[in-house]
Amino acid sequence: MIKRISIILLMVTNGLFAQNGTDKVLVTDMNKIKTIGSVNLSPDGKKVIYSVRTDEPSEENKLEFDYRSHIWVSDFQTNKQLTRGLESVGSAAWSPDGKQIAFARGVKGKSQIFIMPLDGGEAFQLTDLKQGASNPSWSPDGTKILFSVGTTVNEMLKDTLLNPSKALPSWSFEKAGFKDNTFLKADKKVKPNPDGSLAEIRAYLDKDVEDKKAKVFSRLNFQGEANTDPEIRFNLLFVIEVKEGAKAKQLTHGFWSYNGATWSADGKKIFASCGRDTTLHPDREQNSAIVSMNADGSDLKYIISKKGVSYSNPTPSPDGKLIAFTQSEVSWLGFNQLLIANADGSNITPIVFDRASGNLEWTDDSKALYLTAPSNGGTPIYKLDITTKKVEKLTDFNSGITAFDIAKDKIAFAKTEVKNPSELYISDLLVKAPVKLTALNDEWLKTKAISFPEKRTYKNSKGLTVEYWIMKPANMESGKKYPLLLNMHGGPTAMWGPGESSMWHEFQYFCSQGYGVVYANPRGSGGYGKDFQFANYQDWGTGPAEDVLAAASDAAKESWVDTSKQVLTGGSYAGYLTAWIVGHDHRFKAAFAQRGVYDLTTFMGEGNAWRLVPNYFGGYPWEEKIKPILERESPYTYIDKIKTPLLIKHGENDLRTGVIQSEMMYKSMKIMGKEVEYVRMPGGTHELSRSGNIRQRIDRMLRIYEFFERYVGKNNPIMMLKRKPA
């Protein structure tokens, strides 16, 4: 029951307006959306480089599209494209003198670092490592580039350049029957022979693995996003002088990863995050620490470390005195808290700010730290005053800042909002009067009918205020009734709102197809503080369902809603919630469950996100006190109660949640004779709807629409049969 509702019209409070156009947003308009990626201001604040992602028609198949990302530069008056070609370009970085940029681009299937002079001339390839190179960062004096190299255990064992001492890991491979890693020291003189000695049999089995006839797992986290992987991968740090023909020097060694590496202001030190206990297997060590090392990799030491805590995003101040970073408790319920410390790791000071912080950027004078944090349906820019430790919000909740950078007295940022999915802006540091620099999407949007959401709030049974938004059908006619779509987010810690970009096209498409849309941020969502985010502990079903259904019930009171034509969808955790709801509530005419988790016990083995089970439910399926909780919270438990026609979708290569989750649901409903259909997307991963094959993304959208139309559309088969004369 709704206890309190407040309505905020974005059109009024934020000065937004309905687009003048009347054209529908088409499913293929997905391919017209251009998106700003990275944003980097020149050191003098007079230019900005930024990346633009586009969908380009495939040269091989007219039905297919390829993602491309290229670098542009703007002097705030004109914009110029710097890179072109079939190979996408990664984020670029300015040299300290502003005369060159470094960027990563693919060469023969591996990313390499390139240097481009901005006063004319071709870019030249700086690195040529067989493992590839990425994440370039200039030294403060402009003479060197710090970068990352990805490698594997087997590469490290075989490569005498990466591992000149031929060292073995300090942690155990946990291979059954071995107490240490001596099994790695195989005698290369032994020839494979299936009928030979034990050593020859082992050589034969190793050859089968090499020839991809078998995969042998001894690690815990063997599931990637699309494939199972016995390999353990690492991120090593290298440095190279900025001149053609230079040789890279390895800074970090050993079987461990170093992430988020950055230079100190004077260029004498490098900061990064890495695992806290290097004697633990990397799959088991969830703690991470902040480390510092000299610019040549010597004197590596842990400066911020604590058991049970993961530290990341080390960001030293320009004056060299402080370092900003984030911490999260070691669990999937972790919450990125912002902290400041002295550059040596002493005097750690937590910042009172109940949002998950990221994208840390110092002002040139080191007096303020800028950051972004998902909050109340948007992603604002915030400013931390270093003296007072107070955090100030600089932009609104109705838009999302997807990237930004600071230099001198300027801030450049990419913004998403309802009226435009992505554009670049420049402003002063107060962000009072930003100037739009790009018009990436203006031309194709000008004729489109855009639906703007209305924000409302609801006080749930736990006393938490839940925000939700209602979108009317585009080109709505007075007196006419329309179907209502309840669309739910996953995570469960995701957050939707007018400032969240991933659903821009889907929401507008369904509004253009004559559907009203309602979406909510139920308990467990990010963007509302730690207590709200943890409010679904051991309660994935009943509580969150209460919140989203309250939003749907309120939206259904609108005069334009046909209450007999309500439909439901959600993906990942929201695929779970879709199945949960149709097993408990029968108001919906049809539902579409996408890449969901339906049985929490089998999820432990199927998905690489398996830690959600112990972290959200307090233990493991074999524990007596946990068994009834997992059974109670699994939608599969209530499958016999489902009456709603259900479409189920899963990517065939989705290892985050696991395809058998969907097939259990489908097969069981089919056995019981329920209305159900299953779509399995070949090659699709968990990210299919966001960054997957573009043709499959279009297919997904059309399948949702077509399935719903069977039950709520004008020409649905059931109604057509009823209208036939006897």
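The paragraphs below set out a description of the structure included in this document. What you see is a predicted model, and the numbers here were worked out from it, not measured in a lab. (Residues numbered from 1 in each chain as written. Predicted model: local features only at pLDDT ≥ 70, side-chain atom pairs only at ≥ 80, totals over all residues. Heavy atoms only, no water.)

What follows is about the pattern of salt bridges. For the coordinates displayed, the defined rule picks out 35 salt bridges. Among the ionic pairs, R284 bridges to E174, the shortest N-O distance being 2.7 Å. Here E174 lies in the loop between α2 (153–158) and α3 (198–210) and R284 lies in the loop between β15 (269–275) and β16 (288–294), a separation of 110 residues in the sequence. E174 sits in the partly exposed class, given a relative accessible area of 30%. For E633, the salt bridge is made with R632, and the minimal N-O distance between the two is 2.8 Å. Taking relative accessible area as the criterion, R632 reaches 37% and is therefore assigned partly exposed. Among the ionic contacts, a cluster of salt bridges with common partners joins E454, R456, K472, D554 and E558. (Salt bridge = Lys/Arg side-chain N within 4 Å of Asp/Glu carboxyl O. Helix = DSSP H or I, 4+ residues; strand = E, 2+ residues; numbered from the N terminus. Buried < 20%, exposed > 50% of the residue type's maximum accessible area, 1.4 Å probe, protein only.)

Quick look at the layout of surface pockets now. Of the voids in this model, the second largest pocket is the one considered here, and its volume is about 1,800 Å³. Taken together, 50 residues make up the lining of the second largest pocket; nearest its centre are N40, S137, T262, E361 and D405. In the lining of the second largest pocket, the residues fall into 26 nonpolar, 21 polar and 3 charged. (1 Å grid on protein atoms, 1.4 Å probe; cavity = no way out; pocket = protein on both sides within 12 Å on 5 of 7 lines; lining within 4 Å. Points joined across faces, edges and corners; volume = space filled by probe spheres on them. Nonpolar A, V, L, I, M, F, W, Y, C, P; charged D, E, K, R; others polar.)

Residues L486, I581 and F708 are the most contacted members of the largest nonpolar core, which totals 92 residues. Each residue touching F708, except ones within four places of it in the same chain, is listed here: L485, F510, Y515, V567, L568, T569, A590, A591, F592 and G713. One finds A102, F124, V239 and I240 within the second-largest nonpolar core, a separate group that totals 38 residues. (Core = buried A, V, L, I, M, F, W, Y, C linked by side-chain atoms within 4.5 Å. Contact = heavy atoms within 4.5 Å.)

The next subject is the sheet that holds strand β13 (residues 249–250). Strand order in this open sheet of 4 strands is β10-β11-β12-β13, and the pairing throughout is antiparallel. Whereas interior strands pair on both sides, the edge strands pair on one side only; in this sheet they are β10 (134–138) and β13. Where β10 and strand β11 (residues 144–152) come together, 3 bridges link them in antiparallel fashion. In the strand pairing of β11, S137 is matched with L146. (Pairing = 2+ DSSP bridges.)

With that settled, consider empty space enclosed by the protein. In this approach, a probe sized like a water molecule rolls over the atoms, and the result shows the empty space that is left. This model, assessed by the stated rule, comprises 1 cavity of 30 Å³ or more. Taken together, 13 residues form the lining of the largest cavity, with V418, G497, P498, W504 and F507 sitting closest to its centre. Elements with a contribution of two residues or more to the lining of the largest cavity: β27 (410–417) and α5 (504–512). Tallied by class, the residues present in the lining of the largest cavity amount to 8 nonpolar, 3 polar and 2 charged.

With that settled, the discussion passes to unusual backbone geometry. Cis geometry marks the peptide bond from G491 to P492, where omega comes out at 5°. Following the sequence through the fold, P492 ends up in the loop between β32 (482–488) and α5. Phi is positive for K108, which is not a glycine, with a value near 55°. On the basis of relative accessibility, which here comes to 85%, the residue K108 falls in the exposed class.

For the coordinates displayed, the defined rule picks out 29 aromatic pairs. Ring geometry for F353 against Y382: centres 4.8 Å apart, planes inclined by 65°, an arrangement best described as edge-to-face. Within this pair, whereas F353 is found in the loop between β21 (349–350) and β22 (358–362), its partner Y382 is found in strand β24 (residues 381–385), the two being separated by 29 residues in sequence. The exposure classification of F353 matches that of Y382, with both residues buried. Ring centres of W496 and Y519 lie 6.3 Å apart, and the angle between their planes is 75°; this geometry places the pair in the edge-to-face category. Within this pair, whereas W496 is found in the loop between β32 and α5, its partner Y519 is found in strand β33 (residues 516–520), the two being separated by 23 residues in sequence. According to the relative accessible area criterion, Y519 is buried, its value standing at 1%. (Phe/Tyr/Trp six-rings, centres within 6.5 Å; stacked < 30°, edge-to-face > 60°.)

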